[in-house]
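Letter by letter, the chains look like this.
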Amino acid sequence: MTLTGLGNKLLRRVGLTTSAESVQPGTTPKTNGVEQGGAVGNVAGTVELPTVEDAHLRALGIDKTRKEGPAELGHSRILDVLGADRFAPVKAVQVDGKVAWFNFALARELGFAVEGDAMTPELHQRILQALAYRALAPGEDAGGKNVVELYADRYGGTGIGNNEGAGRAAFLPWGNLNIKGVGRTSLAKITEAQDFHHAHGGAPMREGLIEAAWGEVGSNLFSRGSSRILAIIDTGDFTQWQNGSKEKRALIVRASHQLRPAHVLKGYDQGGDFSERVFVSMAKELGMLVEKPGKAGAEPDLPATMKKLIGQHARTQAEQQRWRIVHGAISTGNMQIDGAQLDLATMSTQPRTADIKTIKQGGSFFGEIDERASELARLYGALRSSLGKDAAKRAPPIDVGAELASAYKRELTRQMVDATGLKPSMGEVLLSEQPAACERLSKAVQSLARMGNGGDLLADKRVVDDAVVDVFNALRGYPSLLLEGEAPREARVAKVLELLRPNVLGSTQKKEQTLAKVQQLAVELVDALDAVYAAAAAKLDGHYDSKEAMQRSIAQRAAFENEPIEALYKAPAHELFDRVVDEFGRTGDAKLLTEAIDKLAASSVRSFEALLELGGKGAIEGGIEIERRTIDGIDHAVRAFDDGKRRVHLSMPLTGDEASGFVLATLPGAPRLSKADVEAMRYRFTVDGWQTTQEVQARLGVDEHGRPAITFDIPVIKGAAGRLEGVFHVEAGQGFWIKDGASNFRGYTFAVPDKQEAAALAKGLAG
Amino acid sequence: MSGKPTPAAALDAILDLTAGQLALLADAAKRPDVDLGGVARTSFDLLLKGIKANVAPLTKDPAVPAETRARIERVVGAVEAWERSTVALGHHLIAVAEGWQCRSCGGDVARTAAVSGVALGKSLIKLELVCAECGARSAPTPKGRKVFEEKFGHLVVAGWNPEANGFQWDRR
Ligand SMILES: [Zn+2]
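Computed from a predicted model, the values in this text were never measured in an experiment.

**Q** In this structure, what is going on with the overall build of chain B? I would like to understand it.
**A** Scanning chain B from N- to C-terminus turns up five helices and four strands. Counting from the amino terminus, chain B carries its helices and strands in the arrangement α-α-α-α-β-β-β-α-β. Its C-alpha atoms give chain B a radius of gyration of 20 Å, more than 25% over the compact-globule value 16 Å for 172 residues. Along the longest, intermediate and shortest principal axes, the C-alpha atoms of chain B span 60 × 40 × 30 Å. Every one of the 172 residues in chain B was classed for burial, and the buried ones make up 45%. Looking at chain B alone, contacts between residues at least 24 apart form 55% of all its contacts between residues at least 6 apart. Within chain B, the 19 negative side-chain charges are centred at a point lying 5 Å from the centre of the 22 positive side-chain charges.

This is the structure:
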């Protein structure tokens with residue numbers, strides 16, 4: 001089984017090549033990393049880093065050829081990319097604790113040996129050995145426990161007070177994993193009196209839940225992805241707040257390259273002698289370095305590299321608009337340098353497109369681009385300042401704001417074309433061949449999106465729904481009108497007006513004016529959409545199986561992708577996480593976190609393209625199987641057969657036999673069933689959030705490893721996407737058995753490939 | 001699932017099932033993108049099935065007082081009558097459509113089924129599957145037709161409203 005994780009195809013989309021596994025041997029000595037009662041350091045000095053070709057490994061920042069630590073994870077590349085001088089060592093000791101949440105899929109991507117999604121005592125122990133460390137206080141005795149050298153990264157920029165970098169987090173030498181809440185590091189200069197929250201060295205568990213959910217969702221929604229959480233570990237610590245209340249802490253173990261603009265800076269906006277080296281090394285690591293011919297061979301082209309990075313940030317910002325997301329607290333350190341998301345605790349989706357903020361002093365939905373511009377300008381300014389008198393020649397000034405704005409406009413057009421439900425491949429054709437039609441559409445959507453009622457826009461403790469219209473609902477519903485056949489323009493406009501669901505506040509006169517404007521913009525939106533769909537219909541060969549297939553595909557994608565991401569509105573999501581942490585504190589039941597985080601993530605993914613690539617895949621008889629993911633011990637996959645059939649396939653491994661009874665060993669409680677029970681087993685499921693249900697009968701079959709299994713096959717049509725949830729029940733003989741439905745509600749979000757997509761996926765498997 | 005059913009075991013199973021369904025509902029109530037009414041319908045349905053499956057064997061247990069056994073029989077009978085009258089197309093559509101292919105486009109996924117001629121009775125009523133890809137209608141396989149007759153045949157009498165059980169219907 002190949003595990004590809006989220007990003008490969010998307011990274012290809014942004015112009016990065018990928019290959020299966022091609023990492024050159026490292027140049028630094030291999031080391032095991034952990035010693036009993038001792039310490040090992042392994043930050044490279046200045047080395048010529050071999051490049052990692054695989055974009056997915058690059059996004060994770062690991063070198064798979066250099067296995068380190070008890071779990072034999074790949075070496076943390078950030079240590080080499082930034083260089084030893086950019087870290088402060090942190091002597092840390094292994095701690096006991098409880099793994100409150102673990103990301104099984106990510107663990108596999110990182111090379112952690114783990115099967116299925118069941119926590120066993122043995123796995124629990126391995127996780128603690130590999131990930132559970134806290135800083136030793138000066139002079140503290142490790143008491144014979146494992147000691148390891150961690151590395152706190154040095155950085156500057158906004159939002160860190162007078163800290164000199166990571167004040168409460170440090171990197172493990174393996175997995176490029178950052179432990180947040182590790183304790184106070186030597187880079188923490190801020191005092192508890194200045195900022196208690198960032199001075200005590202701990203991290204609240206709630207932050208771990210938020211970051212974990214957003215990490216998975218962000219990996220699906222953003223082409224540069226997001227940092228992700230591997231584990232949340234409860235060590236029993238609390239933060240005692242000055243007002244007497246207590247907050248549960250945790251070790252939050254975070255994955256991804258985690259290279260930030262802030263790493264180039266020292267202090268608020270200065271560079272240092274390391275700045276150019278770090279900037280170049282980071283850009284090179286991420287495949288973003290632009291070079292030009294120099295006196296002694298190729299040399300970095302600093303402004304061109306900067307522009308390339310700006311382009312990536314423009315894309316991320318445009319994707320935020322498309323999915324209705326605000327980051328909330330953009331700073332030099334709260335983003336990765338290639339535009340991947342980082343520090344996700346203030347992020348929020350929203351029902352419409354109001355200009356919301358999630359913290360008072362943060363950026364707003366439409367205004368956040370300015371924050372991004374000023375942070376990127378700070379980055380380039382620091383780089384220039386570090387070059388001294390060479391700056392004028394080697395890094396001439398760039399109008400970062402203008403660069404970002406123009407790249408943003410381009411990216412926004414791309415995103416709005418995507419939001420019509422067209423496949424990205426078709427979108428690209430239209431963008432190059434019909435740019436005016438695409439720009440017109442983007443403008444029409446933006447004009448509607450930006451109409452506000454001017455209320456309080458702080459969406460911190462409540463959901464803000466103050467936009468005048470729901471423009472994404474119009475994009476969501478319009479294509480199904482087209483499926484119903486030719487309707488006159490007047491009827492189409494009326495339909496769009498209905499879908500826009502205008503919510504107009506103010507005086508009667510103001511209302512009339514606003515509604516008139518909505519009416520006028522609705523006409524424009526209809527004309528712009530019609531033009532784009534017509535242009536696509538003229539070019540469908542090679543992208544769609546037929547005109548009808550194209551219309552269905554558009555309707556399904558638009559409906560799936562433009563559904564508001566309700567579960568991640570900040571106020572209710574944070575409330576939910578607070579309740580879960582509370583309940584976990586009382587009961588110690590780790591299932592609570594799994595359910596909250598995984599459920600939320602499953603219901604929030606929206607990118608059809610990314611879903612096709614999410615999970616394992618392989619060839620099966622007569623076709624391919626993709627999107628293989630294990631949820632609560634049940635293997636899920638989408639099957640695409642060469643004869644055109646499509647099935648969502650569920651499988652539960654079966655042990656035992658007819659005589660002694662069959663056992664569903666991977667399910668909680670390992671239920672034992674008779675043959676009659678197995679054959680009478682049914683799955684009641686929904687793909688529309690339980691508005692309607694269907695049932696499918698079990699079959700005795702074999703799983704992908706050829707083992708006996710109970711399987712279910714749900715027929716689905718090409719181009720469909722949705723979230724499958726369900727309960728299993730058996731009514732036979734004297735028995736009635738029902739699987740614990742609550743945990744099964746975590747859901748399986750899937751996308752079904754059409755002929756073209758299946759062919760491309762099959763080709764990827766063969767190559 | 002094994003051993004001789006006893007009133008205590010049945011009670012235990014019913015309590016477990018009830019607690020499980022309540023947990024499921026409480027969980028659904030926390031989630032904004034879930035139709036709580038829909039979850040409640042499924043829960044109620046499964047609860048009835050579970051109660052029936054657990055108490056029905058007690059009617060053959062001589063240790064249970066005759067009066068109680070009679071009562072159990074009445075309740076089980078009422079649950080079965082309810083199940084028969086509310087049987088949903090969605091729960092059998094996949095089985096009815098098994099092996100079927102749309103005559104128009106070759107698709108094999110049925111969006112729903114349509115009936116016509118209710119008064120003709122179960123062996124003559126017209127039954128067609130509606131293709132999820134192209135919307136065209138065509139008859140199911142004989143095996144699919146048989147599943148329909150087994151699951152819905154008892155409903156096919158004059159006065160039946162097929163829409164209530166999830167079918168498309170032309171009112172004939
Ligand atoms: Zn058809």
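**Q** Could you clarify how one ought to interpret the packing of aromatic side chains in this entry?
**A** Describing an aromatic ring pair means giving the distance of the ring centres and the angle of the ring planes. Residues and elements named next belong to chain A. One pass over the structure, following the stated rule, counts 15 aromatic pairs over all chains. Between Phe-102 and Phe-112 the ring centres are 5.8 Å apart and the planes differ by 65°, which places this aromatic pair in the edge-to-face class. On the criterion of sequence distance, the pair formed by Phe-102 in strand S6 (residues 98-102) and Phe-112 in the loop between helix H4 (104-110) and helix H5 (121-131) is long-range, its members being 10 residues apart. Summarising the burial analysis for this pair, Phe-102 and Phe-112 share the class buried. Across from the ring centre of Phe-274, 3.4 Å away, lies the NZ or CZ of Arg-86, which sits over that ring. Between the NZ or CZ atom of Lys-246 and the centre of the ring of Phe-238, over which it lies, the distance is 4.7 Å.

**Q** What am I meant to see in the packing of helix H15 (residues 471-483) of chain A against helix H17 (residues 508-537) of chain A here?
**A** A packed helix pair is summarised by two numbers, namely the angle formed by the two axes and the spacing between the axes. All names here are of chain A. Two elements in contact, H15 and H17, have axes separated by 12 Å at closest approach and are oriented at 55°. When the axes of H15 and H17 are compared, the pair comes out oblique. When the axes of H15 and H17 are compared, the crossing they make is right-handed. Counted together, Val-471, Ala-474, Leu-475, Tyr-478, Pro-479 and Leu-482 of H15 and Leu-525, Val-526, Leu-529, Asp-530 and Tyr-533 of H17 form the full contact between these two elements. Class assignment of the residues belonging to the contact of H15 with H17 gives a composition of 10 nonpolar, no polar and one charged.

**Q** Help me understand the sheet that holds strand S23 (residues 655-657) of chain A in this model?
**A** Within a beta sheet, neighbouring strands are joined by backbone hydrogen bonds and run either parallel or antiparallel to one another. Residues and elements named next belong to chain A. The strand order across the open sheet formed by three strands is S23-S24-S25, and the pairing between neighbours is antiparallel. Strands at the two margins of the open sheet, each flanked by one partner only, are S23 and strand S25 (672-673). In terms of strand pairing, S23 meets strand S24 (residues 661-663) through three bridges, oriented antiparallel. For Asp-657, the partnering residue across the bridge sits in S24 and is Gly-661.

**Q** I would appreciate a short explanation of the coordination of the zinc ion in the present structure.
**A** Any two of four tetrahedral donors ideally make an angle of 109.5 degrees at the metal, while pairs among six octahedral donors ideally make 90 or 180 degrees. All names here are of chain B. In this structure, Cys-102 (SG), Cys-105 (SG), Cys-131 (SG) and Cys-134 (SG) serve as the protein donors to the zinc ion, at separations of 2.2 to 2.4 Å. One can describe the donor arrangement at the zinc ion as tetrahedral, given that its four donor atoms subtend angles of 103 to 115° at the metal. Within one chain, the residues donating to the zinc ion are spaced in sequence as C-x2-C-x25-C-x2-C. Residue Cys-102 is found in the loop between helix H4 (93-96) and strand S1 (110-116), and its partner Cys-134 is found in the loop between strand S2 (126-131) and strand S3 (137-138); the two are separated by 32 residues along the sequence. Residue classification places Cys-134 among the partly exposed positions, given a relative accessible area of 36%.

**Q** So what exactly am I meant to see when it comes to the side chain of Arg-606 of chain A here?
**A** Residues and elements named next belong to chain A. Tracing the chain through its elements places Arg-606 in the loop between helix H20 (591-602) and helix H21 (608-612). As a buried residue without a salt bridge, Arg-606 has its nearest oppositely charged side chain in Glu-563, at a separation of 4.0 Å. Engagement of the side chain of Arg-606 in a polar contact is seen with the backbone oxygen of Ser-603, the distance being 2.9 Å. In contact with Arg-606, other than residues within four places in its own chain, are Asn-220, Leu-221, Trp-323, Phe-560, Glu-561, Glu-563, Pro-564 and Ile-565.

**Q** I'm lost on the pairing of strand S28 (residues 699-702) of chain A in this one. Help?
**A** Successive residues of a regular strand alternate their side chains across the two faces of the sheet. Bridging between S28 of chain A and strand S29 (residues 708-715) of chain A involves four bridges; their strand directions are antiparallel. Within the sheet, the bridge partner assigned to Val-702 of chain A lies in S29 of chain A and is Pro-708 of chain A.

**Q** It is not clear to me how the sheet that holds strand S4 (residues 168-169) of chain B should be interpreted in this structure. Could you clarify?
**A** Residues and elements named next belong to chain B. Pairing in this open sheet of four strands is mixed, and the strands run S3-S2-S1-S4 from one edge to the other. The outermost strands of the open sheet, each flanked by one partner alone, are S3 and S4. In this structure, S1 lies alongside S2, joined through six bridges in antiparallel fashion. Note on S2: the bridge partner recorded for Ala-110 is Cys-131.

**Q** I would appreciate a short explanation of the environment of Val-147 of chain B in the present structure.
**A** All names here are of chain B. Mapping Val-147 onto the fold places it in helix H5 (residues 142-152). For the pair Val-147 and Ala-97, spaced 50 residues apart in sequence, the C-alpha separation works out to 9.3 Å. Sequence-distant contacts of Val-147, that is, excluding residues within four places in its chain, are made with Ala-95 and Val-96.

**Q** Hey, could you run me through the nonpolar core in this one?
**A** Looking at soluble globular proteins, one finds that nonpolar side chains tend to be buried together. Residue and element names in this part refer to chain A. In terms of nonpolar packing, the biggest core is built from 95 residues, with Phe-279, Leu-422, Leu-500 and Leu-525 touching the most fellow members. Ranked by residue count, the leading element in this core is H17, at 11 residues. If near-sequence neighbours (up to four positions away) are discounted, Leu-500 is found in contact with Arg-352, Leu-448, Val-469, Asp-470, Val-471, Ala-474, Val-518 and Ala-522. In terms of nonpolar packing, the next biggest core, distinct from the first, is built from 46 residues, Leu-128, Ala-132, Tyr-155 and Ala-231 among them.

**Q** Sorry, what's going on with the pattern of salt bridges here?
**A** Where charged atoms from two side chains of opposite charge come close, those side chains can pair. All names here are of chain A. This structure, assessed with the given rule, holds 60 salt bridges over all chains. Residue Glu-109 pairs with Arg-228 through a salt bridge whose shortest N-O separation is 3.0 Å. Here Glu-109 is found in helix H4, whereas its partner Arg-228 is found in strand S11 (residues 228-234), with 119 residues between them in sequence. Glu-109 gets classed as buried once you look at its relative accessible area, which sits at 6%. On the basis of relative accessibility, which here comes to 5%, the residue Arg-228 falls in the buried class. With a closest N to O distance of 2.7 Å, Arg-492 and Asp-530 form a salt bridge. Separated by 38 residues along the polypeptide, Arg-492 in helix H16 (residues 489-500) and Asp-530 in helix H17 bring together distant segments of the chain.

Criteria and cut-off values
Residues numbered from 1 in each chain as written. Chains lettered and ligands numbered in written order. Predicted model: local features only at pLDDT ≥ 70, side-chain atom pairs only at ≥ 80, totals over all residues. Heavy atoms only, no water. Helix = DSSP H or I, 4+ residues; strand = E, 2+ residues; numbered from the N terminus. Rg over C-alpha atoms; globule rule 2.2 N^0.38 Å. Buried < 20%, exposed > 50% of the residue type's maximum accessible area, 1.4 Å probe, protein only. Contact = heavy atoms within 4.5 Å. Lys, Arg positive; Asp, Glu negative; His and termini not counted. Charge placed at Lys NZ, Arg CZ, Asp CG, Glu CD. Phe/Tyr/Trp six-rings, centres within 6.5 Å; stacked < 30°, edge-to-face > 60°. Lys NZ or Arg CZ within 6 Å of the ring centre and 35° of its normal. Axes fitted to C-alpha atoms, helices over the stretch in contact; angles between N-to-C directions. Parallel < 35°, antiparallel > 145°, perpendicular 65-115°, else oblique. Left-handed = near helix turned anticlockwise from the far one by under 90°. Nonpolar A, V, L, I, M, F, W, Y, C, P; charged D, E, K, R; others polar. Pairing = 2+ DSSP bridges. Donors = N, O, S within 2.8 Å, 3.2 Å for Na, K, Ca; no water. Tetrahedral: all angles 85-135°; square planar, octahedral: opposite > 155°, others 65-115°. Salt bridge = Lys/Arg side-chain N within 4 Å of Asp/Glu carboxyl O. Polar contact = N/O pair within 3.5 Å; in protein donor to acceptor, adjacent residues only side chain to side chain. Core = buried A, V, L, I, M, F, W, Y, C linked by side-chain atoms within 4.5 Å.

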